[in-house]
Amino acid sequence: MATIQWFPGHMAKAKREVQEKLKWIDVAFELLDARVPMSSRNPMIDEILGQKPRLVLLNKADMADEAVTEQWIRYFREQGKTAIAIDAQSGTGVRQLAAAAKEMVKDKFAKMRAKGIKNPRPVRALIVGIPNVGKSTLINRLAGRHIAKTGDKPGVTKAQQWIKVGKEMELLDTPGILWPKFEDEDVGYKLAVTGAIKDEILNGQDVAVYALRFLSAHYPERLLSRYDLDDIPADIIALFEAIGRRRGCLTAGGGVDYDKVAEIVLSDIRTEKLGRLSFEAPALRT
Ligand code: GDP
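Residues numbered from 1 in each chain as written. Predicted model: local features only at pLDDT ≥ 70, side-chain atom pairs only at ≥ 80, totals over all residues. Heavy atoms only, no water.

- Under an unreviewed UniProt entry, the name given to the chain is Ribosome biogenesis GTPase A, and the source organism is Geobacillus subterraneus.
- What UniProt records for the chain under Function (unreviewed entry) is the sentence "Required for a late step of 50S ribosomal subunit assembly. Has GTPase activity. Binds to the 23S rRNA."
- UniProt, in its Subcellular location (unreviewed entry) section for the chain, records the words "Cytoplasm". (UniProt positions renumbered as here; feature names shortened; annotations may be inferred.)

**Details of the overall build of the chain**
And then number 1: Along the chain, the regular secondary structure elements total 11 helices and seven strands.
And then number 2: Taken against the 2.2 N^0.38 rule, which gives 19 Å for 286 residues, the C-alpha radius of gyration of the chain at 21 Å falls within 12% of a compact globule.
And then number 3: When its C-alpha atoms are laid out on the principal axes, the chain stretches across 80 × 35 × 35 Å.
And then number 4: When the 286 residues of the chain are sorted by exposure, 48% land in the buried category.
And then number 5: Partitioning the intrachain contacts of the chain with sequence separation of at least 6 by distance along the chain shows that 71% fall at a separation of at least 24.
And then number 6: For the chain, the exposed surface amounts to about 14500 Å²; the carbon and sulfur share of it is 49%.
And then number 7: Of the side chains in the chain, 45 bear a positive and 38 a negative charge, and the two mean positions are spaced by 11 Å. (Helix = DSSP H or I, 4+ residues; strand = E, 2+ residues; numbered from the N terminus. Rg over C-alpha atoms; globule rule 2.2 N^0.38 Å. Buried < 20%, exposed > 50% of the residue type's maximum accessible area, 1.4 Å probe, protein only. Contact = heavy atoms within 4.5 Å. Areas by Shrake-Rupley, 256 points an atom, 1.4 Å probe, with all protein chains shown as cover. Lys, Arg positive; Asp, Glu negative; His and termini not counted. Charge placed at Lys NZ, Arg CZ, Asp CG, Glu CD.)

**Looking at helix 3 (residues 66–78)**
Since the α-helix turns once every 3.6 residues, residues separated by three or four places project in the same direction.
And then number 1: Its 13 residues give helix 3 an end-to-end C-alpha distance of 19 Å, which sits within 8% of 18 Å, the value for a rise of 1.5 Å per residue.
And then number 2: Of all the residues in helix 3, the buried ones are Val68, Thr69, Trp72, Ile73 and Phe76. The arc that holds every buried residue of helix 3, seen down its axis, measures 150 degrees, which confines them to one face. Opposite the buried face of helix 3, by more than 90 degrees, sit the exposed residues Arg77 and Glu78. (Expected span 1.5 Å × (residues − 1). Arc of directions from axis to C-beta.)

**What to know about the packing of aromatic side chains**
In this description, an aromatic ring pair is defined by two values, namely the gap between the centres and the angle between the planes.
And then number 1: Summed over all chains, the structure comprises eight aromatic pairs.
And then number 2: Judged by centre distance (5.3 Å) and plane angle (85 degrees), the ring pair of Tyr75 and Phe76 falls under edge-to-face.
And then number 3: Tyr75 sits in the partly exposed class, given a relative accessible area of 25%.
And then number 4: With 6.3 Å between their ring centres and 45 degrees between their planes, Phe214 and Tyr219 make a pair best called tilted. Of the two residues examined, Phe214 and Tyr219, each falls in the buried class.
And then number 5: Counting every residue linked through ring pairs, the aromatic cluster contains Trp72, Tyr75 and Phe76. (Phe/Tyr/Trp six-rings, centres within 6.5 Å; stacked < 30°, edge-to-face > 60°.)

**Description of the pairing of strand 4 (residues 123–129)**
And then number 1: Strand 4 sits mainly inside the fold: six of its seven residues count as buried.
And then number 2: Of the strand pairs in this sheet, strand 1 (residues 27–33) and strand 4 are connected by four bridges, and their pairing is parallel. The partner of Ala28 across the bridge, within strand 4, is Leu126.
And then number 3: Note: strand 4 against strand 6 (residues 169–172), three bridges, orientation parallel. Counterpart to Val123 in the pairing with strand 6 is Met169.
And then number 4: As paired strands, strand 4 and strand 7 (residues 176–177) are joined by two bridges and run parallel to one another. From the neighbouring strand, Val128 faces strand 7, where its bridge partner is Gly176. (Pairing = 2+ DSSP bridges.)

**Some words on the environment of Gly129**
And then number 1: Relative to the elements of secondary structure, Gly129 occurs in strand 4.
And then number 2: In contact with Gly129, not counting residues within four places along its chain, are Leu31, Lys135, Gly176, Ile177 and Leu178.

**Examining the site of the ligand**
And then number 1: As a matter of local geometry, the ligand sits amid 16 residues, with Gln89, Asn132, Lys135, Ser136 and Thr137 nearest to it.
And then number 2: Within the side chain of Asp87, an N or O atom sits 2.9 Å from an oxygen atom of the ligand.
And then number 3: Between an oxygen atom of the ligand and a main-chain N or O atom of Lys135, the distance comes to 2.8 Å.
And then number 4: Considering the ligand on its own, with 580 Å² of exposed area, one finds that the protein chains cover 80% of that surface. (Near = heavy atom within 4 Å. Polar contact = N/O pair within 3.5 Å; in protein donor to acceptor, adjacent residues only side chain to side chain.)

**Brief notes about the UniProt feature "binding site: GTP" (unreviewed entry) in the chain**
And then number 1: Mapped onto the present numbering, the UniProt feature "binding site: GTP" (unreviewed entry) falls at Asn59, Lys60, Ala61, Asp62, Asn132, Val133, Gly134, Lys135, Ser136, Thr137 and Gly176. These annotated residues cover 118 residues of sequence, and their C-alpha atoms reach 23.4 Å apart at the extreme, placing them across more than a single site.
And then number 2: Examined against the element boundaries, Asn59 turns out to sit in strand 2 (residues 54–59).
And then number 3: Dropping the residues within four chain positions of it, Asn59 is found in contact with Leu31, Leu32, Asp33, Ala34, Ile86, Asp87, Ala88, Val133 and Gly134.

This is the structure:
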């Protein structure tokens, strides 16, 4: 897991580094977490990418609510962007990438051909995204071999190399690393719940409160069955206590161990014990 401390200077540098790479590429792959596509987005991405053709990749779709992912794909389509659901870890959806990238640049390549270039070069792509969204996993998947993870800190530079992906695509071997939207508390919680930011950064109980409130509102049946509850108490402390008693998370004094409950709930979410979950939907205001 990347530990990056973002300061205004680092953000400016990260932005500059991505923009420098844009001159080498035809298309940017904007990697988002399918469970939190808005919160895992860089707030300045439109400005950073400018007019560069962009393919939105909803990664970790294996962990997201399929119906909600479909809504997101439609949402992006309505905005004139192509979005594809993928699972970089297993490779699901990844085979579509080269074809989709080629489609995005067909006008540019048609112009190249019109100028007399008979065999245009492969489409060149760059992966951009916030830490932990799956950039290295996707690069390795596309490369079909393991590539050492480097350049994970803004400012770490090395010679750029192209990875060949079949005959029709080349990928820059170092991704563009961008920062998430820190200013918004909800965004922080969503990134913490999905494991994009380290647990030490936010208080575990706070994150679990956020998650349990969300699940109570949007996936109540999952909570009922997972924790064998008769109902879901509206009061969050009562909900912690109900789960804690079911799970035997008790302190020496017989009270509920809230830290332990928080740990169990977050671990259950991240290991899919509560099923596939999406924490943001285009139509859902949370
Ligand atoms: P990076 O910081 O953006 O390069 O992210 P990594 O590639 O290191 O991935 C962060 C974590 O997410 C790792 O534990 C990966 O195994 C996991 N991961 C990446 N892609 C997927 C995916 O599509 N599905 C699932 N379930 N996990 C993924």
